[in-house]
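Here are the chains, one letter per residue:
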Amino acid sequence: MSNSFENTEDQKLATLATATLARTGATQAAALRDTTGRTYVAINISEPTLTLDAVQAVFIVAAASQIAGIEGVVIAGDKDAITAVITDNSPHATIFHIDANGSVTRA
(Lines give C-alpha, C1' and ligand atoms only; values in the text may rest on other atoms or scores of the structure.)
Protein backbone atom coordinates (compact mmCIF):
# COMPACT_ATOMS: atom_id res chain seq x y z
CA MET A 1 0.00 0.00 0.00
CA SER A 2 1.43 3.33 -0.97
CA ASN A 3 1.37 6.16 1.52
CA SER A 4 -1.34 8.44 0.13
CA PHE A 5 -2.11 10.13 3.41
CA GLU A 6 -1.18 13.71 4.25
CA ASN A 7 -1.74 12.95 7.94
CA THR A 8 0.51 10.24 9.41
CA GLU A 9 -2.26 9.43 11.90
CA ASP A 10 -4.49 8.42 8.96
CA GLN A 11 -1.68 6.13 7.77
CA LYS A 12 -1.76 4.46 11.20
CA LEU A 13 -5.51 3.92 10.80
CA ALA A 14 -4.87 2.39 7.36
CA THR A 15 -2.38 -0.03 8.88
CA LEU A 16 -4.87 -1.02 11.60
CA ALA A 17 -7.75 -1.47 9.15
CA THR A 18 -5.79 -3.50 6.59
CA ALA A 19 -4.15 -5.67 9.26
CA THR A 20 -7.53 -6.34 10.88
CA LEU A 21 -9.01 -7.23 7.49
CA ALA A 22 -6.16 -9.66 6.74
CA ARG A 23 -6.15 -11.20 10.23
CA THR A 24 -9.89 -11.80 10.45
CA GLY A 25 -10.74 -12.75 6.88
CA ALA A 26 -13.73 -10.39 7.05
CA THR A 27 -14.95 -8.62 3.93
CA GLN A 28 -14.55 -5.18 5.50
CA ALA A 29 -12.68 -3.58 8.40
CA ALA A 30 -12.64 -0.02 9.71
CA ALA A 31 -10.37 1.91 12.03
CA LEU A 32 -11.50 5.10 13.75
CA ARG A 33 -9.56 7.82 15.59
CA ASP A 34 -11.45 9.98 18.06
CA THR A 35 -10.64 13.59 18.95
CA THR A 36 -8.47 12.50 21.89
CA GLY A 37 -6.30 10.29 19.66
CA ARG A 38 -7.70 6.94 20.80
CA THR A 39 -8.24 4.36 18.07
CA TYR A 40 -10.85 1.67 17.59
CA VAL A 41 -11.17 -1.14 15.04
CA ALA A 42 -14.05 -3.37 13.96
CA ILE A 43 -15.13 -5.67 11.15
CA ASN A 44 -18.42 -6.12 9.37
CA ILE A 45 -20.96 -8.39 11.05
CA SER A 46 -23.23 -10.62 9.02
CA GLU A 47 -25.31 -12.87 11.24
CA PRO A 48 -28.91 -14.00 10.87
CA THR A 49 -30.10 -11.55 13.52
CA LEU A 50 -27.55 -8.73 13.09
CA THR A 51 -25.94 -7.11 10.06
CA LEU A 52 -23.56 -4.17 10.38
CA ASP A 53 -20.93 -2.82 8.05
CA ALA A 54 -17.51 -2.16 9.62
CA VAL A 55 -18.15 1.59 9.87
CA GLN A 56 -21.32 1.05 11.86
CA ALA A 57 -19.56 -1.51 14.05
CA VAL A 58 -16.54 0.70 14.78
CA PHE A 59 -18.81 3.63 15.55
CA ILE A 60 -20.67 1.51 18.12
CA VAL A 61 -17.40 0.44 19.74
CA ALA A 62 -16.18 4.04 19.90
CA ALA A 63 -19.55 5.36 21.15
CA ALA A 64 -19.46 2.81 23.96
CA SER A 65 -16.27 4.57 25.12
CA GLN A 66 -18.18 7.88 25.16
CA ILE A 67 -16.14 9.65 22.48
CA ALA A 68 -16.60 13.39 22.06
CA GLY A 69 -15.89 13.43 18.33
CA ILE A 70 -14.24 11.68 15.41
CA GLU A 71 -11.16 12.86 13.52
CA GLY A 72 -10.80 10.12 10.93
CA VAL A 73 -11.89 6.72 9.67
CA VAL A 74 -10.23 4.32 7.25
CA ILE A 75 -12.28 1.54 5.64
CA ALA A 76 -10.51 -1.47 4.11
CA GLY A 77 -12.13 -4.06 1.86
CA ASP A 78 -15.68 -3.71 0.57
CA LYS A 79 -16.47 -0.08 -0.15
CA ASP A 80 -20.18 -0.22 0.63
CA ALA A 81 -20.60 1.32 4.07
CA ILE A 82 -23.01 3.67 5.76
CA THR A 83 -20.69 6.60 6.44
CA ALA A 84 -23.52 8.90 7.55
CA VAL A 85 -23.09 7.52 11.07
CA ILE A 86 -19.68 9.24 11.03
CA THR A 87 -20.55 12.43 9.16
CA ASP A 88 -23.71 13.01 11.19
CA ASN A 89 -21.63 12.83 14.38
CA SER A 90 -18.52 14.64 13.13
CA PRO A 91 -19.04 16.46 9.81
CA HIS A 92 -15.34 17.34 9.48
CA ALA A 93 -14.02 13.81 9.99
CA THR A 94 -11.93 12.45 7.14
CA ILE A 95 -13.03 9.12 5.67
CA PHE A 96 -10.82 7.05 3.39
CA HIS A 97 -11.28 3.72 1.62
CA ILE A 98 -8.55 1.23 0.72
CA ASP A 99 -9.43 -1.34 -1.94
CA ALA A 100 -7.95 -4.82 -2.45
CA ASN A 101 -5.17 -3.35 -4.62
CA GLY A 102 -4.16 -0.87 -1.92
CA SER A 103 -5.55 2.14 -3.77
CA VAL A 104 -6.68 4.88 -1.41
CA THR A 105 -9.65 7.14 -2.13
CA ARG A 106 -11.41 9.68 -0.01
CA ALA A 107 -14.93 8.50 0.76
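Everything quoted here is computed from the prediction, not taken from an experiment.

Draft legend 1. Broad picture of the overall build of the chain. On a plain count of helices and strands, the chain comes out with 3 helices and 7 strands. Start at the N end of the chain and walk to the C end: the helices and strands fall as α-β-β-β-β-α-β-α-β-β. Since a compact globule built from 107 residues should have a radius of gyration of about 13 Å, the 12 Å found for the chain is in line with a globular shape. Once the C-alpha set of the chain is aligned to its principal axes, its extents read approximately 40 × 30 × 20 Å. Out of the 107 residues in the chain, the part that is buried amounts to 42%. Considering only intrachain contacts with a sequence separation of at least 6, the fraction spanning at least 24 residues in the chain is 47%. As displayed, the chain offers around 5,800 Å² of accessible surface, 52% of which is attributable to carbon and sulfur atoms. Considering the chain, the positive charge centre built from 6 side chains and the negative charge centre built from 11 side chains are found 6 Å apart.

Draft legend 2. Structural detail: helix H1 (residues 8–24). Spanning 17 residues, H1 covers 24 Å between terminal C-alpha atoms, matching the ideal 24 Å at 1.5 Å per step. Taken together, the buried positions of H1 are occupied by Asp10, Gln11, Leu13, Ala14, Ala17, Thr20 and Leu21. In the core, the buried residues of H1 are packed alongside strand S1 (28–34), strand S2 (39–43), strand S5 (70–77) and strand S6 (94–98). Its side-chain oxygen 2.7 Å from the backbone nitrogen of Glu9, Asn7 forms the N-cap of H1. Where H1 terminates, the next one or two residues include Gly25, which has phi positive at roughly 75°.

Conventions and cut-offs
Per-chain numbering applies: the sequence of each chain, read as written, is numbered from 1 onward. Totals for whole chains, interfaces and linings use every residue, but because this is a predicted model, local features are given only for residues with pLDDT of at least 70 and side-chain atom pairs only at 80 or more, for both listing and counting. Side-chain measures were taken over the full set of non-hydrogen atoms in the model, leaving aside hydrogen atoms and water. For helices the rule is a DSSP run of H or I covering at least 4 residues; for strands it is a run of E covering at least 2, with both sets numbered from the N terminus onward. Throughout, radius of gyration means the C-alpha value; the globule benchmark is 2.2 Å times the number of residues raised to the power 0.38. Classification of residues uses two cut-offs on accessible area relative to the type maximum, computed with a 1.4 Å probe and protein chains only: under 20% is buried, over 50% is exposed, and between them is partly exposed. In this description, contact between two residues means that some pair of their heavy atoms is separated by no more than 4.5 Å. Each accessible area value is a Shrake-Rupley result obtained with a 1.4 Å probe; residue values ignore everything except the protein chains displayed when judging cover. Working convention for charge: Lys and Arg count positive, Asp and Glu count negative, and His plus the chain ends are omitted. The atoms used to mark charge sites are NZ of Lys, CZ of Arg, CG of Asp and CD of Glu. A helix is expected to span 1.5 Å multiplied by its residue count minus one. Whenever two N or O atoms come within 3.5 Å, that pair is a polar contact, provided that in protein one can donate a hydrogen and the other can accept it, and provided that, for residues adjacent in sequence, both atoms are side-chain atoms.

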